[in-house]
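# Residue-level structure breakdown
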Amino acid sequence: MTRVFITGMGALTPIGNDVATFWRNLLAGTSGAGRITLFDTKEMPYNIACEVKGFDAQDYMDRKVARRIARSTQFAIAVAKQALADAGLTIDESNRDNVGVLMATGGGGITEIETATTEMDLKGWRSVGPFVVPSAMANAVSCLVSIETGARGPVMTSTAACASGHYSIIEGYHFLRRGEADVIIAGGTESAVSMLTMSAFGRMGPLSSRTDDPKHACRPFSVDRDGFVAGEGACAVIMETEEHARRRGARIYGEVLGGRLTGDAYHITAPDPEGDGAARALTGAVRNAGLKPNDIGLVFAHGTGTELNDIGETKALKRAFSEHVYDMQFTSIKSMVGHALGAAGAQSAVAAICSLRTGLVPPTINYTPDPALDIPIVGNQAQPTSARYALVNAFGFGGQNVVAVLGRVDE
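One structure accompanies this document, and this report is about it. (Residues numbered from 1 in each chain as written. Predicted model: local features only at pLDDT ≥ 70, side-chain atom pairs only at ≥ 80, totals over all residues. Heavy atoms only, no water.)

### Thoughts on the overall build of the protein
- Across its full length, the protein carries 13 helices and 14 strands.
- Its C-alpha atoms give the protein principal-axis dimensions of about 65 × 55 × 40 Å.
- Carbon and sulfur atoms provide 51% of the accessible area of the protein, an area that totals close to 16,000 Å².
- Computing the positive centroid from 37 side-chain charges and the negative centroid from 43, the protein places the two 3 Å apart. (Helix = DSSP H or I, 4+ residues; strand = E, 2+ residues; numbered from the N terminus. Areas by Shrake-Rupley, 256 points an atom, 1.4 Å probe, with all protein chains shown as cover. Lys, Arg positive; Asp, Glu negative; His and termini not counted. Charge placed at Lys NZ, Arg CZ, Asp CG, Glu CD.)

What follows is the structure, given as structure tokens:
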């Protein structure tokens, strides 16, 4: 069967605007949380987030293009171009029909809709510009990457709420194994830190209330957790068939071995409290990858820091791995980069590949053990790992569960 390799990576995160900086700061336990600067929080109590800092869209695209598209799409283009450069891959007439784009997002250009609606309320319908729809539509994040890079293979945008980010990687794996492309640019992007979304999440209840101490606010799996910190950003990977990668002498970062999607059929926002759907995704992903539970040594958890997620995910992991769960390592990078919704899984996937390559696991910072959640969390300090395979978890609103299996490739 066709093997699928990762040969390039790109990252825009609250703790680094390239993969090397992102990874270095993850290992150092650096928090990207702070006061929101993207809009005026005024008297809002929901005023902290993990924002991308120092990003200039014109470093990656023409000024006119940048002005007409949403920030999430700007991010998508940037990480796609980073990943292509990292892979040493040029798209031209000889290969463009065999390079696809699968970029995921949860909200797409939701902030563009908010801005346009506010403007329309103030100035009337004539104030609505002609670029609102193409800027706001979710599939712009893939279509604009296609246009900007020249990739003319399969182009698709997956939207699975907080599980979107690495669902695109699993889908890309299937496209490549079906022979529908030689190369896929896959990843996730999100920029939804706005008054509308922060107000909605705040009223819903899952946000951390530690606004006086942003850097210590997100505490996944910790006894004193009280919710997540919103984040933004994007990550992308270049995926190639083994034949294509070998033929061009590509550097190989790791391998995608498969994954599994399941549904909770339980609630539109709350996860199944017993972790049934997540457990089925975990066991199914391992089986689909041709592995056994004892082969898995490392899990990049969904780990939001909410009561419902952390308890449900822990139950799911115990159901899937039984006693082997105590021989594994678990970490949540959301403690540092926040919850980037549709980009979260892609961020964790890039971190997992870096972890397998370097033999180091980034910490879950702000961690104080919870006796009720007794799985072995990599807390506060990076740890070495001998893991050959890693799982990346993401569980989205509506009960969408996605688990991807990534592996180390020893060249």
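### Digging into the nonpolar core
- If you look at the biggest cluster of nonpolar residues, it comprises 42 residues, and the most contacted ones within it are Ile6, Met9, Phe22, Met239 and Leu406.
- At 8 residues, helix H13 (residues 344-358) tops the list of elements feeding residues into this core.
- Not counting the four nearest positions on each side in its chain, Met239 is found in contact with Val4, Phe5, Ile6, Ile169, Gly172, Tyr173, Leu176, Asp182, Val183, Ile184, Ala186 and Val256.
- By size, the runner-up hydrophobic cluster in this structure holds 31 residues, among which are Met61, Ala87, Leu144 and Ile185. (Core = buried A, V, L, I, M, F, W, Y, C linked by side-chain atoms within 4.5 Å. Buried < 20%, exposed > 50% of the residue type's maximum accessible area, 1.4 Å probe, protein only. Contact = heavy atoms within 4.5 Å.)

### Section: helix H1 (residues 19-28)
- Looking at H1, one finds that the buried residues are Val19, Thr21, Phe22, Trp23, Asn25 and Leu26.
- Packing partners of the buried residues in H1 comprise strand E1 (4-12), helix H3 (71-87), strand E7 (233-241), helix H12 (334-337), H13 and strand E11 (360-361).
- Looking one or two places after H1, you find Gly29, whose phi comes out positive at around 75°.

### Things to note about the pairing of E1
- Within E1, 9 of the 9 residues are buried, which leaves the element mostly enclosed by the surrounding structure.
- Direction of pairing for E1 relative to strand E8 (residues 254-263): antiparallel, over a ladder of 3 bridges. Within E8, the position partnered with Phe5 by the bridge is Glu255.
- Pairing between E1 and E7: 8 bridges, direction antiparallel. Bridge pairing in E7 links Ala11 to Cys235. (Pairing = 2+ DSSP bridges.)

### Re the pattern of salt bridges
- Under the defined criterion, the tally for this structure stands at 22 salt bridges.
- One salt bridge connects Glu243 with Arg247, and the closest N-O pair in it is separated by 3.6 Å. With a gap of 4 residues between them, Glu243 and Arg247 both fall in helix H9 (residues 242-247), about one helical turn apart. For the pair shown, Glu243 and Arg247 are each scored as exposed. (Salt bridge = Lys/Arg side-chain N within 4 Å of Asp/Glu carboxyl O.)

### Side note on a positive patch on the surface
- Residues Arg63, Lys64, Arg67 and Arg68 make up a contiguous surface patch of positive charge.
- Tracing the backbone shows Arg63 in helix H2 (residues 63-68). (Patch = residues over 30% accessible without salt bridge, like charges linked within 9 Å, V, L, I, M, F, W, Y side chains within 5 Å.)

### Digging into the packing of aromatic side chains
- Following the criterion strictly, the structure yields 4 aromatic pairs and no others.
- Ring centres of Phe55 and Tyr60 lie 6.2 Å apart, and the angle between their planes is 20°; this geometry places the pair in the stacked category.
- Feature note: the residues Phe55, Tyr60 and Phe75 constitute an aromatic cluster, connected by ring pairs.
- Of note, Arg178 hangs over the ring of Phe175, and the distance from its end group to the ring centre comes to 4.8 Å. (Phe/Tyr/Trp six-rings, centres within 6.5 Å; stacked < 30°, edge-to-face > 60°. Lys NZ or Arg CZ within 6 Å of the ring centre and 35° of its normal.)

### What to know about the packing of helix H10 (residues 276-288) against helix H11 (residues 307-321)
- Closest axis-to-axis distance for the H10/H11 pair is 8 Å, and the angle between their directions is 40°. The orientation of H10 relative to H11 falls into the category oblique. As for how H10 packs across H11, the hand of that crossing is right-handed. Contacts between H10 and H11 involve Asp276, Ala278, Ala279, Leu282, Thr283 and Val286 from the former and Ala316, Leu317, Arg319, Ala320 and Phe321 from the latter.
- A per-class count over the contact of H10 with H11 returns 8 nonpolar, 1 polar and 2 charged. (Axes fitted to C-alpha atoms, helices over the stretch in contact; angles between N-to-C directions. Parallel < 35°, antiparallel > 145°, perpendicular 65-115°, else oblique. Left-handed = near helix turned anticlockwise from the far one by under 90°. Nonpolar A, V, L, I, M, F, W, Y, C, P; charged D, E, K, R; others polar.)

### Some points on a nonpolar patch on the surface
- A cluster of nonpolar side chains, namely Met120, Trp125 and Val128, defines an oily patch on the protein surface of about 310 Å² accessible area.
- Considering the arrangement of structural elements, one finds Val128 in the loop between helix H4 (110-123) and helix H5 (132-136).

### Side note on the environment of Thr149
- Mapped onto the fold, Thr149 is located in helix H6 (residues 140-149).
- On the accessibility criterion, Thr149 (13% relative accessible area) is buried.
- Residues Thr149 and Ile77, spaced 72 residues apart in sequence, show a C-alpha to C-alpha distance of 8.3 Å.
- Not counting chain neighbours up to four residues away, the residues in contact with Thr149 comprise Lys81, Leu84, Ile91 and Ile185.

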